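# Close look at the chain arrangement
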Amino acid sequence: MSARRFRSLGVDPATGREAFVDARPGGVLEELADTHALKAAVLVTVVGAVLEGGRSSDTELAAFVPSLHAALEECVGIMAAGGGR
């Protein structure tokens, strides 16, 4: 039996709190969490494009750091669980 882990489904805009689920492998909630993580990975692509443009200030770029960290952490979790189909 594989170990379950809590997965993020995103942040509730009304409360600012992050929602987590205890998803079963192959289940609907796991798929939703994967979708959330992959959307976050798109953020990485956007930030990469911004960096290549070279016109952003350090302050503007620093605003991306928390989101990028969360996206990277979630993607690594998917890969570690073998969910990167």
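Please read all numbers here as calculations on a predicted model, not as lab measurements.

The next point concerns the pairing of strand S1 (residues 6–11). With five bridges joining them, S1 and strand S2 (residues 18–22) adopt antiparallel strand pairing. The residue bridging arginine 7 from the neighbouring strand is valine 21, located in S2. Linking S1 back to S2 in an antiparallel pair, the connection comprises six residues, with glycine 16 at a positive phi of about 80°.

Before going further, it helps to examine the environment of alanine 71. Checked against the element boundaries, alanine 71 lands in helix H3 (residues 65–80). The exposure class assigned to alanine 71 is buried, which follows from its relative accessible area of 1%. Each C-alpha atom, one on alanine 71 and one on leucine 43, is 7.9 Å from the other, the two residues being 28 residues apart in sequence. Not counting the four nearest positions on each side in its chain, alanine 71 is found in contact with Ala40, Ala41 and Val44.

This part covers the pattern of salt bridges. The final tally for this structure, using the stated rule, is one salt bridge. Linking aspartate 34 and arginine 7 is a salt bridge whose minimum nitrogen-to-oxygen distance equals 2.7 Å. Taken as a pair, aspartate 34 in helix H1 (residues 28–53) and arginine 7 in strand S1 lie far apart in primary sequence, 27 residues in all. Judged by relative accessible area, aspartate 34 falls into the buried class, the value being 6%.

How each quantity is defined
Residues numbered from 1 in each chain as written. Predicted model: local features only at pLDDT ≥ 70, side-chain atom pairs only at ≥ 80, totals over all residues. Heavy atoms only, no water. Pairing = 2+ DSSP bridges. Helix = DSSP H or I, 4+ residues; strand = E, 2+ residues; numbered from the N terminus. Buried < 20%, exposed > 50% of the residue type's maximum accessible area, 1.4 Å probe, protein only. Contact = heavy atoms within 4.5 Å. Salt bridge = Lys/Arg side-chain N within 4 Å of Asp/Glu carboxyl O.

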